[in-house]
Amino acid sequence: MSAVKLLTVSVDEGEQRLDRWFKRRFPELTQGAVEKLCRTGQVRVDGGRAKASDRVAPGMEIRVPPLPKNDAPSRPTAGRITAADEKMIQSCVVFKDEHLIIINKPPGLPSQGGSGQGDRHVDGLTEALKFGYKDRPKLVHRLDKDTSGLLMLARTDRVARALSEALRHRNTRKIYWAAVAGVPNPRKGSIKYGLMKSGGRGRGGEGEKMICIHPAKMNEYPDAKRAHTDFFVLWFLGSRLSWMALEPVTGRTHQLRAHMAELGHPILGDGKYGGSGAENQGDGWGASIGGEVSRKLHLHARSLTIEHPISKKLMTFTAPLPDHMARTWKSLDWGVKDVPADPFGGNA
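Residues numbered from 1 in each chain as written. Predicted model: local features only at pLDDT ≥ 70, side-chain atom pairs only at ≥ 80, totals over all residues. Heavy atoms only, no water.

**What to know about the pattern of salt bridges**
Tallied over the full model, the rule gives 13 salt bridges. Salt-bridge contacts for Asp144 lead to Arg257; the nearest nitrogen and oxygen are separated by 2.9 Å. Taken together, the residues Asp144 in the loop between β9 (138–139) and β10 (148–154) and Arg257 in helix α5 (residues 255–262) connect sequence positions 113 residues apart. Residue class for Asp144 comes out partly exposed when judged on its relative accessible area of 24%. (Salt bridge = Lys/Arg side-chain N within 4 Å of Asp/Glu carboxyl O. Helix = DSSP H or I, 4+ residues; strand = E, 2+ residues; numbered from the N terminus. Buried < 20%, exposed > 50% of the residue type's maximum accessible area, 1.4 Å probe, protein only.)

Rendered as structure tokens:
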């Protein structure tokens, strides 16, 4: 039996049903087990009883009772991880110590399992990231499947809570690089449109996307969440493409992708939000662009600045571009050393 745990819903986990939160944190728990824990009052949300269908949001504290061994979160064991996947995920490590691990997630690899994500994901490969420690590291936040870049994992619940709190209180800075259609005017600024989910077509919400809500109309949409993205044009190619630095001040689902689309400059390769070059041919921005540039998402979590949860030392990490973005940058003669690491004036 495991001990009682008090876990905080992180910003990047977003708002979701309690049972779905449990299944993502504890993949081996059955639906019936989650409902029984709730029905018997063993699960508490912010100190009160809760139903499996209740919704939880970032900042809420969830009491997780002792879990029977047969229902404990036993992610895939080392024997179920192929040698190739073990080598791959270990090669992604940018930094590790006894408290946390930072990886550079490749595009195409989901952070966690879920609807349509399959069985191969970062959370399922954490057995290969133990590096001699007893417990598997825990994801602190997520990146979209096709978004590459820096991802934090905590070795202990204490560190996971500290990093989740830092994200919730915006004490962690993340800067993304993206290639987008056209050239924003002005070249720097902020996007403060709220975001609201628009349900997908599948049973599990497949196809779900975010709709932008004008700040002045937020009161008309009670389900909308306030969102804030700062942007800066680092380089551009005529009027066709721009190399953008994006800093998400808040951490909503699909925030950068939805905000850039609302600005009229979708991220290249983002078919969901209008960034497919195939849909912008003729005299449009995609007329002179083809091949891989129009097929793969060009969004990368480039830098991460955190206060180490134990030493309190301020640390900044950077991740090289994934192969498909590096080839695009090379073809456009964009040099990573030719732009500021942090155009927003912070410490990154």
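**Remarks on the pairing of strand β17 (residues 299–307)**
The buried fraction of β17 is high, at eight of nine residues. With two bridges connecting them, β10 and β17 associate as parallel partners. Looking at the pairing, Gly149 lines up with Ala301 of β17. Two strands pair when backbone bridges link them, and strand β11 (residues 173–181) and β17 are joined in this way by six bridges, in the antiparallel orientation. By the bridge assignment, Lys174 is partnered in β17 with Leu304. Pairing between β17 and strand β18 (residues 314–318): five bridges, direction antiparallel. If you follow Ser303 over to β18, its bridge partner there is Thr318. Counting the residues that bridge the hairpin from β17 to β18 gives six residues, and of these Lys312 lies at a positive phi of roughly 70°. (Pairing = 2+ DSSP bridges.)

**A few points about the packing of aromatic side chains**
Two numbers describe a pair of aromatic rings. These are the distance of the centres and the angle of the planes. Using the criterion set out here, one finds seven aromatic pairs in the structure. Summarising the aromatic geometry, the rings of Phe22 and Phe26 are spaced 5.9 Å apart at their centres and angled 35° between planes, so their arrangement reads as tilted. Phe26 matches Phe22 in its accessibility class, with the two residues each being buried. Ring pairs connect the aromatic residues Trp177, Trp243, Trp329 and Trp334, which therefore count as one cluster. We note Arg155 situated over the ring of Tyr133; from NZ or CZ to the ring centre the distance is 4.2 Å. Taking NZ or CZ as reference, Lys209 lies 5.0 Å from the ring centre of Tyr273, over its face. (Phe/Tyr/Trp six-rings, centres within 6.5 Å; stacked < 30°, edge-to-face > 60°. Lys NZ or Arg CZ within 6 Å of the ring centre and 35° of its normal.)

**Some points on the sheet that holds strand β6 (residues 61–64)**
Ordered by their spatial adjacency, four strands build an open sheet running β1-β6-β3-β4, and the pairing between neighbours is antiparallel. With partners counted over all chains shown, the strands left at the sheet margins are β1 (5–8) and β4 (48–49), one partner each. For strand β3 (residues 44–45) and β6, the ladder comprises two bridges, and the chain directions are antiparallel. From the neighbouring strand, Arg44 faces β6, where its bridge partner is Arg63. Most of the contacts of helix α1 (residues 18–25) go to β6, to which it runs at about 65°, and overall it touches β1, β3 and β6. (Contact = heavy atoms within 4.5 Å. Axes fitted to C-alpha atoms, helices over the stretch in contact; angles between N-to-C directions.)

**Some words on the nonpolar core**
Of all hydrophobic cores here, the largest spans 29 residues; its most connected members are Ile89, Ile103, Leu246 and Leu299. For this core, the secondary-structure elements that each account for two or more residues are α3 (83–91), β8 (100–105), β10, β11, β15 (229–237), β16 (241–248), α5 and β17. Per-element tally for this core: the top contributor is β11, with three residues. Per-domain counts for this core show at least three residues from each of domain 2 (83–169) and domain 3 (174–200 + 208–332). Apart from residues lying up to four places away in sequence, Leu299 is in contact with Asp146, Thr147, Ser148, Tyr176, Trp177, Ala178, Leu246, Leu256, Arg257, Ile267 and Met325. Counting 19 residues, the second largest nonpolar core, distinct from the first, contains Leu18, Phe26, Ala33 and Val64. (Core = buried A, V, L, I, M, F, W, Y, C linked by side-chain atoms within 4.5 Å. Domains from an automatic or database assignment.)

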